[in-house]
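# Residue-level structural notes
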Amino acid sequence: MDITPPGEFRPANIQFKKDFSAWFKNYFGAVLDTEHNGIILNKVGGEDRTDEVVWNGYNIGTYEYSIKKEAFDFHPNINAALFFSDRANMHVLEFGIPKNRHLKNNWLEANYLKGNTSGLVEGDYIFLSNSKYVAVGVWYNRKIRIKDVSKRFDLTTKKEFSLDKMVRANNSYMKKIIANAKNELVEVTNEYKIPYTVSLSGGKDSLVAFHLLYSIKKDFDIIYIDTGIEFKENLEFVKEISNKFSIPYYVARAGNAFEDNFHTFGPPGKDFRWCCKVAKLGPVTKLIKERYPHGSVSIEGTRWLESFDRSKIGLKEKNPFVPGQVQINPIRSWNAMEVWLYIYMMKLPYNELYDLDFERLGCYMCPSGNESEFSHVKRFFPDLAKQWEIKLEGWRKSKGYGKEYISKGLWRWKKAPPKMRPYYKAMVANSIEDVKENDLKLEYTNPSPTCSTNGQWTQEGILKIPNNFGFERTSNGLAILGEVKYSSEFNVATIKGKKGESAIIFANGDISVSSDSENKTKEFFERIVKQVVRVQLCTKCNICVKRCPKNAITIDDTIKVNTLLCTKCGACEEGCVLSLYYDRLFM
């Protein structure tokens, strides 16, 4: 197939076929038989969801979600013109060919066109045809920019494509990659003699990981994370798999963790995923440590092609948040089609949400999804969509953002990427004036440390933050950084760091740090700010409690440090959502 690398392709689902057929009929007036022709979708880069559409083995164009239009569009290529121009009765014109002019990537004026152009608008894709040639182009200012042109020939001479044929054609190949994954799992089971679990999310990848492990061993548990903002179909599917294969499942429940922290952090974003730490890692860390105190092996469905961050994972990875847990990734090198071929070959049930054209099946409002995904939520689960939009609207108004914050999905970022900046500018232009000031603010007296005549580097600033638990608790939390002396009379604390740093912090937020090194000063200042934020905005996810090797951290309303046990190792800072994203809080 002619597709764009890296080749994260998959079979078209039931809903896509219906929607694509309806789009084609509404736009070109042509009826497509999507049931008896093979359709493959290949994920490629774009503003939002963008898929190459492969029809019976031929790439016929891209199906894209337009954030501007808040709807899907199809951009056909020359193969689409060869297949469908003769069936179309809308957005199709006869054309003549100018002498001595190369047409591809050139303009074709209206005097060379025959047909009804009255309903065409700027940017419309047009099929062009005559007795010898077909072309595809885009309508601009009463002329067409030709994208491509071809002599007529019959594409149907190529063997028709079907999933059944693809399964049979790839049978020997699939057997090889399945055998490789099983061999890796056998090696793992020989190496680790501790309890095994499968992290089953309700999605296709974790389903395949589950079944691969099930094929070689039966004594393991299923773990499902209920974030409180999941599609109910996910847990129902996990229960179905548990019953079908007689494997017990356990649910790590986040309860109201997301709701309780929304008012502090606002909507999570692609660059501000506080929700994962609070609603996923927190509860699953607690469950795993309680059920498997001596360690466990978790089989995961993580794949390289899912994201850039996951493209570097190996077979075995240590869980950075749960000491003693090893994560195994047996299908890390598989693409989406290989996952689906396995499901078809093994005749496994799969989550019904895939048939509704959902790509991601976790939280229904996950910011890592596309705006197209949320358009599906609004379409198929309007109550969930309304519930989320009410929360977004409250946050939008409190910040004075324009309506584009919701309608164009700008809530998905703390800092808009280049592709979203035109919508961001519109949002700023439509912003509301005189809204309340951000409760969080960090102002530097000197943004970079300065050096005095005695060789000491100093950095100063003022941290404005809600005083939720009092300055005495802040002083206690700062003990992870060094020796703290707290004065209740003057509401001030001093810190002596392990590397010779010194700092003074006042209850009003004034911070002053000094050391004999510019980098040490800057780093210590940042750690102090992070720790104050951690104490005053604690999400109570308990990740820091589980990470502390000395059991020196407890949580009641917020972090509490046992100064007699704390060794200042810094382990509790790692993995804390507030440490990870503290800078985003001030944006």
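Above this note sits the structure.
Because the structure is a prediction, the values reported are computed rather than measured.

Rules behind the numbers
Residues numbered from 1 in each chain as written. Predicted model: local features only at pLDDT ≥ 70, side-chain atom pairs only at ≥ 80, totals over all residues. Heavy atoms only, no water. Helix = DSSP H or I, 4+ residues; strand = E, 2+ residues; numbered from the N terminus. Buried < 20%, exposed > 50% of the residue type's maximum accessible area, 1.4 Å probe, protein only. Contact = heavy atoms within 4.5 Å. Lys, Arg positive; Asp, Glu negative; His and termini not counted. Charge placed at Lys NZ, Arg CZ, Asp CG, Glu CD. Salt bridge = Lys/Arg side-chain N within 4 Å of Asp/Glu carboxyl O. Axes fitted to C-alpha atoms, helices over the stretch in contact; angles between N-to-C directions. Parallel < 35°, antiparallel > 145°, perpendicular 65-115°, else oblique. Left-handed = near helix turned anticlockwise from the far one by under 90°. Core = buried A, V, L, I, M, F, W, Y, C linked by side-chain atoms within 4.5 Å. Nonpolar A, V, L, I, M, F, W, Y, C, P; charged D, E, K, R; others polar. Phe/Tyr/Trp six-rings, centres within 6.5 Å; stacked < 30°, edge-to-face > 60°. Lys NZ or Arg CZ within 6 Å of the ring centre and 35° of its normal. Pairing = 2+ DSSP bridges. Arc of directions from axis to C-beta. Polar contact = N/O pair within 3.5 Å; in protein donor to acceptor, adjacent residues only side chain to side chain.

Our focus in this paragraph is the overall build of the protein. Within the protein one finds 17 helices and 26 strands. In terms of its C-alpha atoms, the protein occupies a principal-axis envelope of roughly 95 × 60 × 45 Å. Looking at the protein as a whole, 53% of its 587 residues are labelled buried. Of the contacts made within the protein by residues no fewer than 6 positions apart, 62% connect residues no fewer than 24 positions apart. For the protein, the distance from the average position of its 85 positive side-chain charges to the average position of its 71 negative side-chain charges is 3 Å.

On to the pattern of salt bridges. Tallied over the full model, the rule gives 35 salt bridges. In this structure, Arg-291 and Asp-221 form a salt bridge, with 3.9 Å as the shortest nitrogen-oxygen distance. With a gap of 70 residues between them, Arg-291 in helix 8 (residues 274–291) and Asp-221 in strand 13 (residues 221–226) connect regions that are remote in the sequence. Salt-bridge contacts for Glu-526 lead to Lys-530; the nearest nitrogen and oxygen are separated by 3.4 Å. Pair noted here: Glu-526 and Lys-530 are both in helix 15 (residues 518–536), with a separation of four residues, about one helical turn.

Another aspect to go through is the packing of helix 5 (residues 204–214) against helix 6 (residues 232–245). The N-to-C vectors of helix 5 and helix 6 enclose an angle of 15°; their axes lie 12 Å apart at closest approach. Here helix 5 is positioned roughly parallel relative to helix 6, judged by the angle of their axes. Considering how the two elements wind past one another, helix 5 and helix 6 form a crossing that is right-handed. Across the interface between the two elements, Leu-207, Phe-210, His-211 and Tyr-214 of helix 5 pack against Phe-237, Ile-241 and Phe-245 of helix 6.

With that out of the way, let us pick up the nonpolar core. Membership of the largest hydrophobic core comes to 155 residues, with the highest contact counts inside it found for Phe-24, Phe-210, Trp-334 and Ile-528. With seven residues, helix 5 is the largest single contributor of residues to this core. Discounting residues that sit within four places of it in the chain, Ile-528 has contacts with Leu-478, Leu-481, Ile-495, Ala-503, Ile-505, Ile-511 and Val-513.

Let us look at the packing of helix 7 (residues 257–265) against helix 8. Helix packing geometry: the angle between the two helix axes and the distance between the axes. Packing of helix 7 against helix 8 leaves a shortest axis separation of 10 Å and a crossing angle of 155°. On the basis of the axis angle, helix 7 is roughly antiparallel to helix 8. Our pair here, helix 7 against helix 8, has a crossing hand that is right-handed. Mapping the contact onto sequence places Ala-257, Phe-258, Asn-261, Phe-262 and Phe-265 in helix 7 and Trp-274, Cys-275 and Val-278 in helix 8. Residue composition of the contact of helix 7 with helix 8, by class: seven nonpolar, one polar and no charged.

Another point: the packing of aromatic side chains. A full pass over the atoms with the stated rule returns 45 aromatic pairs. Geometrically, the ring pair formed by Phe-24 and Phe-28 is tilted, given 5.1 Å between the ring centres and 45° between the ring planes. Taken as a pair, Phe-24 and Phe-28 lie in helix 1 (residues 14–28) at a separation of four residues, close to a single helical turn. Here the guanidinium or amino end of Lys-217 rests over the ring plane of Tyr-196, the centre of that ring lying 4.7 Å away.

A separate point is the sheet that holds strand 11 (residues 143–151). Judged by pairing direction, the sheet is mixed, and its six strands sit side by side in the order 7-11-10-9-6-8 without closing on themselves. The strands lining the two open edges of the sheet, one partner per strand, are strand 7 (107–109) and strand 8 (113–114).

Okay, the pairing of strand 10 (residues 133–140) next. The element strand 10 is largely enclosed, with a buried count of six among its eight residues. As paired elements, strand 9 (residues 125–129) and strand 10 share five bridges and run antiparallel to each other. Each bridged residue has a counterpart across the sheet, and for Leu-128 the counterpart in strand 10 is Ala-135. Remark: two residues form the turn of the hairpin made by strand 10 and strand 11, two consecutive strands paired antiparallel; Asn-141 in that turn has positive phi of roughly 50°.

Right, let's talk about the sheet that holds strand 4 (residues 58–66) for a bit. An order of 1-2-3-4-5 is seen for the five strands of this open sheet, with the pairing classed as antiparallel. Edge positions in the sheet fall to strand 1 (8–11) and strand 5 (71–76), since each of these pairs with one other strand and no more. When strand polarity is set aside, the average angle formed by the axes of neighbouring strands in this sheet is 30°. Note that strand 4 and strand 5 share six bridges and pair antiparallel. Bridge assignment links Tyr-63 to a residue of strand 5, and that residue is Phe-74. Docked against the sheet, helix 1 engages strand 2 (39–43), strand 3 (50–55), strand 4 and strand 5, running at close to 70° with respect to strand 5.

Moving on to the environment of Ser-296. Checked against the element boundaries, Ser-296 lands in strand 15 (residues 296–299). Here Ser-296 falls in the buried class, since its relative accessible area comes to 1%.

What follows covers helix 7. Taken together, the buried positions of helix 7 are Ala-257, Phe-258, Asn-261, Phe-262 and Phe-265. End-on view of helix 7: buried residues confined to an arc of 130°, all on one side of the axis. Along its buried surface, helix 7 packs onto helix 8, helix 11 (382–399) and helix 17 (577–581). Once helix 7 ends, the next one or two residues include Gly-266, with phi positive near 75°.

Turning our attention to the side chain of Glu-573. Checked against the element boundaries, Glu-573 lands in the loop between strand 26 (559–561) and helix 17. Taking the relative accessible area as the measure of exposure, Glu-573 reaches 13% and is therefore buried. At a separation of 2.6 Å, a polar atom in the side chain of Glu-573 contacts the side chain of Arg-527. Once residues lying within four places of it in the same chain are set aside, the contact partners of Glu-573 are Ile-480, Leu-481, Arg-527, Arg-534 and Ser-579.

Of note, the bond from Pro-5 into Pro-6 is cis; its omega dihedral lies within 30 degrees of zero at 10°. Within the secondary structure, Pro-6 sits in the segment before strand 1. Backbone geometry at Asn-551 places phi at a positive 55°, although glycine is not the residue there. With respect to the element layout, Asn-551 can be found in the loop between helix 16 (543–547) and strand 25 (553–555).

This paragraph deals with helix 9 (residues 336–345). In terms of residue burial, helix 9 counts as a mostly covered element, since eight of its 10 residues are buried. Of all the positions in helix 9, only Ala-336, Met-337, Glu-338, Val-339, Trp-340, Leu-341, Tyr-342 and Ile-343 are classed as buried. Measuring from the side-chain oxygen of the N-cap residue of helix 9 to the backbone nitrogen of Met-337 gives 3.0 Å; that N-cap residue is Asn-335. At the exit of helix 9 stands Lys-347, carrying a positive phi of roughly 55°.

So yeah, pure geometry; function would need other evidence.
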